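Survey of secondary and tertiary structure
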Amino acid sequence: MRTARLRTVHPVLWAGWAALAAGAVLCVIGWYGVSGERYAERQLPFLASCTVPGAALIIAAAVLLTHGRNALAAARVEELYRLLVAAGPADADESGQAAATPVAVSGELLTVPGGTLWHRADCPLVAGKAEAVPVDALLLASGELGPCPICEPSAADPDD
C-alpha cells in the first residue's frame, strides 16, 4: 500500500527527467548552431536561444530530481514507521500492555565511527557490526555522543 505522498513524488521525478532531456537537447542544438558559425556575432543567437536555456533546464532538472528523491525517501520512511507503529509490540500480553523487557542488557558500550549515538553491545543497531568500537569515558563526558533511544544505555554503565 502506498501513501498519498508517495504517489505525488512521481510527477516531480518525471518532470525532472523531462527537464533534463529538454535541456540536453537544447544544449546540443546550441552547440551545433555555434559550431557552424565562424563569427561571434552570429554565434550569440544560438547561445541566447538554446545553450543558456538548456543549461538552466539542466540545473532545474537537478533540483527536481534531488527534491523528488528526498521526498521519495521521506515517504518510504513514513510508511515504514506507520507499519511499525501499526504492528505494535510483539510481546504484548492479553490486556494490551507490553511487557517491560529491555532490548539490550549488556554493560559494554559501543559506537560506530562517525556515528552520533552510543549503544549497549547487544543493541540491535550495533550487534554484529565489525566496525563498532568501545566507547571510552572521555568521549562520553565530552557530550559528542548521545544515548541510543532503542537500547537506552546510561553513562553509569560499566565499559567492560
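Since the structure is predicted, the reported quantities are computational estimates derived from the model, not experimental observations. Numbering of residues begins from 1 in every chain and follows the order in which that chain's sequence is written. Where totals are concerned, whole chains, interfaces and linings use all residues; where local detail is concerned, this predicted model gives features only for residues with pLDDT of at least 70, and gives and counts side-chain atom pairs only at 80 or more. With hydrogens and water stripped out, all remaining heavy atoms of the structure feed into the side-chain values.

**Thoughts on the overall build of the chain**
Starting at the N terminus, helices and strands are each numbered in turn, a helix being any DSSP run of H or I of at least four residues and a strand any DSSP run of E of at least two. When helices and strands are tallied, the chain shows three helices and four strands. Its helices and strands in sequence order give the chain the pattern α-α-β-β-β-α-β, from N to C terminus. Classification of the 160 residues of the chain by burial places 24% in the buried group. Contacts are assigned to residue pairs that have any heavy atoms within 4.5 Å of one another. Considering only intrachain contacts with a sequence separation of at least 6, the fraction spanning at least 24 residues in the chain is 62%. A total of about 10800 Å² of accessible surface is found on the chain, and carbon and sulfur atoms cover 66% of it. Per-residue accessibility, obtained with a 1.4 Å probe over protein chains only, is compared with the maximum for each type, and a residue is labelled buried under 20%, exposed over 50%, and partly exposed between these values. All accessibility values rest on the Shrake-Rupley procedure with a 1.4 Å probe; residue burial counts only the protein chains present in the view.

**Quick notes on the pairing of strand β2 (residues 117–120)**
Where strand β1 (residues 109–111) meets β2, two bridges bridge the pair, whose relative direction is antiparallel. Within β2, the residue paired with Leu110 across the bridge is His119. Any two strands between which DSSP finds at least two bridges are classified as paired. Between β1 and β2, which pair antiparallel in sequence order, lie five residues; one of them, Gly114, sits at a positive phi of approximately 85 degrees. By the bridge criterion, two bridges tie β2 to strand β4 (residues 146–147) in an arrangement that is parallel.

**What about the state of the cysteines?**
Linking two cysteines covalently through their sulfur atoms gives a disulfide. Note that a disulfide, as used here, is simply two cysteine sulfur atoms within 2.5 Å. Counting across every chain of the model gives zero disulfides. Cys27 supplies the cysteine sulfur nearest to Cys50, a cysteine that is in no disulfide, at a spacing of 8.9 Å. Residue class for Cys50 comes out buried when judged on its relative accessible area of 11%.

**A word on the confidence of the model for the chain**
The quantity called pLDDT is the predictor's confidence in a given residue, expressed from 0 to 100. In the predicted model, the chain carries a mean pLDDT of 78, and the fraction of residues at 70 or more is 78%. Of all the helices and strands in the chain, helix α3 (residues 137–142) carries the lowest mean pLDDT, 78, while strand β3 (residues 133–134) carries the highest, 86.

**Brief notes about the pattern of salt bridges**
Here, a salt bridge means any Lys or Arg side-chain nitrogen found within 4 Å of an Asp or Glu carboxyl oxygen. Enumeration over the complete set of coordinates arrives at one salt bridge. Salt-bridge contacts for Glu37 lead to Arg42; the nearest nitrogen and oxygen are separated by 3.9 Å. A relative accessible area of 53% places Arg42 in the exposed class.

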